[in-house]
Structures are given as structure tokens and as C-alpha cells.
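Next come the chains, spelled out residue by residue.
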Amino acid sequence: MPMNVKKRILYLIFLGILLWENLLAADTSQPPMVVGPFSSSLAGDVLPPGWKPMVFDKIKNLTTYTLVKEDGLVVIKAHSNASSSGLIRRMSIDPLKYPVISWRWKTKNLLKNADVTLKSGDDYPARIYITFAYDGSKVSFFEKTKFNAAKLIYGEYPPMAAINYIWDTKAPKETSVPNAYTDKVMMVVVESGKANLNTWVDEKRNILNDYRRLFGQEPPMISGVAIMTDTDNTGEGATTFYGDIIFSSIHE
């Protein structure tokens, strides 16, 4: 093979390698998605667009949620007195494009009788609730039958799974356990104990990595994001403030 042909081939290979490296290094990040734009509201306003109450059957005593100004910013104030309910924004989010969730919260008190392993202790002064949409390709035939039956009753598929990021009383940070009521919901302790009480704490979690670790498979689409302060099982009280909730790419 003539020398100039060899050089041309090597040059083209070199260009191909450079092009591939540039594609791998290309910025594929998405602009941040603010799903909880509480700070852009006015204190006393109704809740930001898209956010609605999340209530549960047989629970009549509901937690109150109001927009208030706290430490110079408008946030959601949740107050629970032997009550349980949440606020949810139902929306479709691709966890591959927006795997990272960031938020800030401040809670005033812990719950003496909270216990992440017991139904009687399944209460938390603060939690962020991520639901995942039903995906028939990711469940067994038996589970698919149950989901289809639920759809007939309620008119829509219930979430296939959920992750709860919680502030617990005594379980160590990074503890991950199934919810006391169902293994379709996994509890992840991101704050524990009283060290950070009455202090704004900034949190960040990679939902994609957490889902893979907790459920052992790729996640379906995220179907909703909720905040929840509940004390119905323990019969206690709690007050928590929630700041803006933002989804972003890994590169953000």
C-alpha cells in the first residue's frame, strides 16, 4: 500500500476517534425543571399551579399546608396534629433526563414514637414522595392482573412504585427499608435525629441511582412528586417548612 494512502487512512481514523470523543463529551444536560416553585408565590396565596391535596381513604384529620414567608422566602408550611395528608404534583418526568432532585426543608420537631420498621411508627415530620408510573413490561403476570383490577376500580393505574425520602427520629442516615405497609414503597432516611432541627437543610438525591439500587431494575417514568408531613399513627404533632423542589440532569 502506498505511503500516502496509509497516511490518509490513519488520518481518517484519527479524525473518527476525535469525533467520537467529542460526542461522548458533549453536554447533554437539560435545563433545570422547577416542579415546586414555591418561592415565586406570595405568602397567603393558593398553592402553585399543578399542586393538589393528596388524601387517603379512612383518614379524616388532614395536615394543613399554607404558603408563608419564612426567613425571607415564601415556602410551604405543613402542620400536622395526629393527621395525615400531602400535597402532590402529578406530572411525567423522565428519570434518565432528570435523575437528580434537589430541595430544602426545615422541621421544628421530631416524633417520639416514630419507627420506620413498624406500621404504628410510620410517621415522619418531613418527607418527599416520588411516585413511578405503571409499566406493564416491568411486572409479572400476577402483578399485571392486580394493576388491571385496580384500574377498573379507580379508573387509572396506581403508581407501580415509590421512593420516600424521609427525616426520621432514630434510623441512621442512608437507611433504606421497605415501607411498613408495602414493599412497593421504599423509605430512604436522608436526615435523622435532632442535630439539624430548626435549620434549613439542602438535600440532593440521584433518583435514577436510588431506584436501581432499591428495586434492582431500570425505573419507569416518574408520575408525581409530593411533600408530606404526617403524624396520624403516632398521634403526635409536627411542623415543617418546604422550599423549592427542582429536578436537574447529572451535569447541573
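Residues numbered from 1 in each chain as written. Predicted model: local features only at pLDDT ≥ 70, side-chain atom pairs only at ≥ 80, totals over all residues. Heavy atoms only, no water.

Chemist: Can you lay out unusual backbone geometry for me, pointing to particular residues and giving the numbers?
Modeler: Note: most residues except glycine have negative phi, and most peptide bonds are trans. Notably, K58 is not glycine yet its phi reads approximately 70 degrees, a positive angle. One can find K58 in the loop between β2 (51-54) and β3 (64-70). Its identity is not glycine, yet A82 carries a phi of approximately 50 degrees, on the positive side. By the secondary structure assignment, A82 is in the loop between β4 (73-81) and β5 (86-93). (Helix = DSSP H or I, 4+ residues; strand = E, 2+ residues; numbered from the N terminus.)

Chemist: Residue-level account of the pattern of salt bridges, with values.
Modeler: Under the definition given, this model contains ten salt bridges. One salt bridge connects D230 with R127, and the closest N-O pair in it is separated by 3.0 Å. Of this pair, D230 sits in strand β12 (residues 222-230) while R127 is found in strand β7 (residues 124-132), placing the two residues 103 residues apart along the sequence. Owing to a relative accessible area of 3%, R127 belongs among the buried residues under this scheme. Each of the salt bridges in this network shares a partner with another, and the network as a whole consists of E174, R205, D210 and R213. (Salt bridge = Lys/Arg side-chain N within 4 Å of Asp/Glu carboxyl O. Buried < 20%, exposed > 50% of the residue type's maximum accessible area, 1.4 Å probe, protein only.)

Chemist: Describe the pairing of strand β13 (residues 237-248), and please don't skip the residues or the numbers.
Modeler: Of all twelve residues making up β13, nine are buried, and the element is well covered by its neighbours. Strand direction decides the pairing type here: strand β1 (residues 33-36) and β13, joined by three bridges, are antiparallel. Across the sheet, residue M33 finds its bridge partner in β13, namely F247. Where β4 and β13 come together, six bridges link them in antiparallel fashion. (Pairing = 2+ DSSP bridges.)

Chemist: Just give me the short version of the sheet that holds strand β9 (residues 176-178), but keep the residues and values in it.
Modeler: Judged by pairing direction, the sheet is mixed, and its seven strands sit side by side in the order β2-β5-β12-β7-β8-β10-β9 without closing on themselves. Where the open sheet ends on each side, the last strands, each with one partner, are β2 and β9. Strand-to-strand twist of the sheet, defined as the mean angle between neighbouring strand axes without regard to direction, takes the value 25 degrees. Where β9 and strand β10 (residues 185-192) come together, three bridges link them in antiparallel fashion. Following the sheet pairing, P178 is matched in β10 by M186. Lying over the sheet, helix α3 (residues 207-215) contacts β7, β8 (161-168), β9, β10 and β12, oriented at roughly 105 degrees with respect to β8. (Axes fitted to C-alpha atoms, helices over the stretch in contact; angles between N-to-C directions. Contact = heavy atoms within 4.5 Å.)

Chemist: Report on α3, specifying residues and quantitative values.
Modeler: Burial in α3 covers these residues: I207, L208, D210, Y211 and L214. Each buried residue of α3 lies within a common arc of 165 degrees when the element is viewed along its axis, so the set occupies one face. Here α3 starts with a cap whose side-chain oxygen sits 3.2 Å from the backbone nitrogen of L208, and that cap is N206. (Arc of directions from axis to C-beta. Polar contact = N/O pair within 3.5 Å; in protein donor to acceptor, adjacent residues only side chain to side chain.)

Chemist: I'd like to hear about the packing of aromatic side chains, residue by residue, with values.
Modeler: Under the criterion given, the structure shown has seven aromatic pairs. With a centroid separation of 5.4 Å and an interplanar angle of 85 degrees, the aromatic rings of W103 and W105 are classed as edge-to-face. For the pair shown, W103 and W105 are each scored as buried. Here the aromatic rings of Y211 and F215 are separated by 4.5 Å at their centres, their planes lie at 35 degrees, and the arrangement is tilted. Taken as a pair, Y211 and F215 lie in helix α3 at a separation of four residues, close to a single helical turn. An aromatic cluster is built from W103, W105, Y165, W167 and Y242, whose rings are joined through pairwise contacts. (Phe/Tyr/Trp six-rings, centres within 6.5 Å; stacked < 30°, edge-to-face > 60°.)

Chemist: Describe the environment of S80, with residues and values.
Modeler: Tracing the chain through its elements places S80 in strand β4. Excluding residues within four positions of it along the chain, S80 makes contact with T63, T229, D230, T231, E236, G237 and A238.

Interpretation note: all reported values are geometric properties and have no functional meaning in isolation.
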